[in-house]
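Spelled out from the first residue to the last, the chains are:
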Amino acid sequence: MTALLPATGALSRSSRTRRFAALVRKESFQVIRDPSSILIAFVLPLILLFLFGYGVSLDTTRTRVGLAIEETTPLTNDLAASFQASRYFSVTTGRDRRLFEEDLVLSHIRGIIVIPADFSRNYAAGNRPQVQVIVDGSDPNTANFVQNYVQGAVANWQLQQQSELAAGGPPISVEQRFWFNPELTSRSFLVPGSIAIVMTLVGTLLTSLVVAREWERGTMEAMMATPVTAAELLAGKILPYFVLGLTSMTLCVLLAIFLFGVPFRGSVLALYALSAVFLMPALGQGLLISAITKNQFLASQLALITAFLPAFLLSGFLFEINSMPTVIQWITFIVPARYLIPSLQTVFLAGDIWPMFLHAILVMFLIGSVLFLLAARSTRKRIA
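Quick caveat, the model's predicted, so the values are computed rather than measured.

A. Layout of the overall build of the chain. Scanning the chain for helices and strands turns up 14 helices and four strands. Burial analysis of the chain (384 residues in total) assigns 43% to the buried set. Long-range contacts, defined as pairs at least 24 residues apart, comprise 78% of the intrachain contacts of the chain with a sequence gap of at least 6. Total accessible area computed for the chain in this model is approximately 20400 Å², and 63% of it derives from carbon and sulfur atoms.

Printed below as a string of structure tokens:
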């Protein structure tokens, strides 16, 4: 009797292993046979990546402006040439500001730059000549860009004038250096950030939809009636989607590097470590939503509201978190994408900075653990 105990224990472990492998195999076949899983895992990420890579740009090069030169002198022509040579402006010139007012109202141009009739006289007299900038305040971001770029162009022109007239020492120039993204291309940080959005969709939306469908059909109750434990069932459910999420991420990274030309300066280890840990809260949230709602429509709505929108709006992907109200800033601390997006941007553009990555991994692991515990508890309650 004593000699049989280890064999019984070994048989029990072997049985549990075979049971878990069969459960994973069954879930994997179900994922492959389900067209919606393939659509969300591979087609939707491609659409989003192309949208963010080609359709969304925060660069403000070639902004259309009208340039009114009310006085034609060598000095004003020289100043006008500095605007026309700027890579930030696409300039249309005229003699009167009223020529551009209708275009500004209709948003055909983003601003009017006016070189007034007394500009040369004030400049020669030593007074402070003024250049007027009229912008469309309904678009504050673009208005600020136009205003700042005009100020920069005027400052550069004035510096050049002073250097040509000065009899003293050499002119002072300002040397600018932009680390990690010297071209200041918005695509270089939008595309890595969009990978986090894709992983949120694949992890949370797909998991919540598929598992909620099983709740609707009653197959989850049938599975729970078998000797399979709740932990084995949840693990068997998420493992195929975990692999699916990493596969989708790999596809997005390859497109980012070879199609969009985003540099990759970090390591593959850091990339997969961050992505694997991020899938914990994403999958856990999907399981929790499906266990609470048990309805595909409600699950999809909750997944969009509680996962996609916070990842898109509250993660720092498009909007600066420090510029948000204090209450919203506190809410962002429980958004897992807040930790993944800057880490992915660092892996792509800067390289491996492990203290930053380890902090992000720890926080995402804690959030994922809480969500998995809540999902397991909710699943047991539903079965009871």
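B. Highlighting the environment of Pro336. Relative to the helices and strands, Pro336 resides in the loop between helix 12 (326–331) and helix 13 (337–349). By relative accessible area, which is 14% here, Pro336 ends up buried. Spatially, the C-alpha atom of Pro336 lies 8.7 Å from that of Gly368, the residues being 32 residues apart in sequence. Setting aside its immediate chain neighbours within four residues, Pro336 contacts Phe278, Pro281, Met364 and Ile367.

C. Spotlight on the environment of Glu101. Note that Glu101 resides in helix 4 (residues 98–105). Since its relative accessible area comes to 40%, Glu101 is described here as partly exposed. The spatial distance from the C-alpha of Glu101 to the C-alpha of Gly111 is 9.1 Å, given a sequence separation of ten residues.

D. Quick look at the pairing of strand 2 (residues 89–94). Both strand 1 (residues 63–69) and strand 2 contribute to a ladder of six bridges, which runs parallel. Within the sheet, the bridge partner assigned to Gly66 lies in strand 2 and is Thr92. With respect to chirality, the unit in which strand 1 leads through helix 3 (residues 74–85) into the neighbouring parallel strand 2 is right-handed.

E. Just the sheet that holds strand 1, in detail. Across the sheet, four strands lie side by side as 2-1-3-4; this open sheet has mixed pairing. On the outer flanks of this sheet lie strand 2 and strand 4 (132–135), each paired with one strand and no other. Here the average twist between neighbouring strands, direction ignored, is 25°.

F. Fine view of the pattern of salt bridges. Counted according to the given criterion, the structure contains two salt bridges. Residues Glu70 and Arg97 are paired through a salt bridge, measuring 3.1 Å at the closest nitrogen-oxygen approach. Residue Glu70 is found in the loop between strand 1 and helix 3, and its partner Arg97 is found in the loop between strand 2 and helix 4; the two are separated by 27 residues along the sequence. Exposure remark for Glu70: the relative accessible area of 25% places this residue in the partly exposed category. Put simply, Arg98 and Asp96 hold a salt bridge, and the shortest N to O gap is 2.7 Å.

G. Local environment of the packing of helix 7 (residues 187–217) against helix 11 (residues 296–313). Direction vectors running N to C along helix 7 and helix 11 enclose 165°, while the axes themselves pass 9 Å from each other. On the basis of the axis angle, helix 7 is roughly antiparallel to helix 11. The handedness of the crossing between helix 7 and helix 11 comes out as right-handed. Only Gln296, Ala299, Ser300, Ala303, Leu304, Ala307, Phe308, Ala311 and Phe312 of helix 11 make contact with helix 7, whose side of the interface consists of Ile197, Thr200, Leu201, Thr204, Leu205, Ser208, Leu209, Ala212, Arg213 and Glu216. A per-class count over the contact of helix 7 with helix 11 returns twelve nonpolar, five polar and two charged.

H. The arrangement of the packing of aromatic side chains in detail. A complete count under the given rule lists eleven aromatic pairs for this structure. Each ring, one from Tyr123 and one from Trp157, has its centre 5.8 Å from the other, and the planes form 55°; the classification is tilted. With Tyr123 in helix 5 (residues 119–125) and Trp157 in helix 6 (residues 140–165), this pair connects stretches of sequence that are 34 residues apart. Members of the aromatic cluster, connected to one another through ring pairs, are Phe83, Tyr88, Phe89 and Tyr149.

I. Up close: helix 3. Taking 1.5 Å of rise per residue, twelve residues should cover 16 Å, and helix 3 covers 16 Å from first to last C-alpha, within 8% of that figure. Those residues of helix 3 not exposed but buried are Leu75, Thr76, Leu79, Ala80 and Phe83. Axial view of helix 3: buried residues confined to an arc of 130°, hence all on one face. Opposite the buried face of helix 3, by more than 90 degrees, sit the exposed residues Pro74 and Ala85.

J. A look at the environment of Phe145. Structurally, Phe145 can be placed in helix 6. When its relative accessible area of 35% is taken as the criterion, Phe145 is described as partly exposed. Phe145 sits 82 residues away from Thr63 along the chain, and the two C-alpha atoms are 9.2 Å apart.

K. Up close: the nonpolar core. Core analysis: the biggest nonpolar cluster contains 77 residues, and Ile195, Leu206, Leu274, Leu340 and Met364 have the highest contact counts within it. Of the residues forming this core, the biggest block, 16 residues, is contributed by helix 7. Formed by 15 residues, the second largest nonpolar core is a distinct cluster that contains Phe89, Ile113, Val146 and Trp157.

L. How the structure looks around the pairing of strand 1. With six of seven residues buried, strand 1 is to be regarded as a mostly interior element. Of the pairings in the sheet, the one linking strand 1 to strand 3 (residues 111–115) comprises five bridges and is parallel in character. Paired with Ala68 across the bridge in strand 3 is Val114.

Reading the values: rules and limits
- Residues numbered from 1 in each chain as written.
- Predicted model: local features only at pLDDT ≥ 70, side-chain atom pairs only at ≥ 80, totals over all residues.
- Heavy atoms only, no water.
- Helix = DSSP H or I, 4+ residues; strand = E, 2+ residues; numbered from the N terminus.
- Buried < 20%, exposed > 50% of the residue type's maximum accessible area, 1.4 Å probe, protein only.
- Contact = heavy atoms within 4.5 Å.
- Areas by Shrake-Rupley, 256 points an atom, 1.4 Å probe, with all protein chains shown as cover.
- Pairing = 2+ DSSP bridges.
- Right-handed = clockwise from strand over helix to strand, strands pointing away.
- Axes fitted to C-alpha atoms, helices over the stretch in contact; angles between N-to-C directions.
- Salt bridge = Lys/Arg side-chain N within 4 Å of Asp/Glu carboxyl O.
- Parallel < 35°, antiparallel > 145°, perpendicular 65-115°, else oblique.
- Left-handed = near helix turned anticlockwise from the far one by under 90°.
- Nonpolar A, V, L, I, M, F, W, Y, C, P; charged D, E, K, R; others polar.
- Phe/Tyr/Trp six-rings, centres within 6.5 Å; stacked < 30°, edge-to-face > 60°.
- Expected span 1.5 Å × (residues − 1).
- Arc of directions from axis to C-beta.
- Core = buried A, V, L, I, M, F, W, Y, C linked by side-chain atoms within 4.5 Å.

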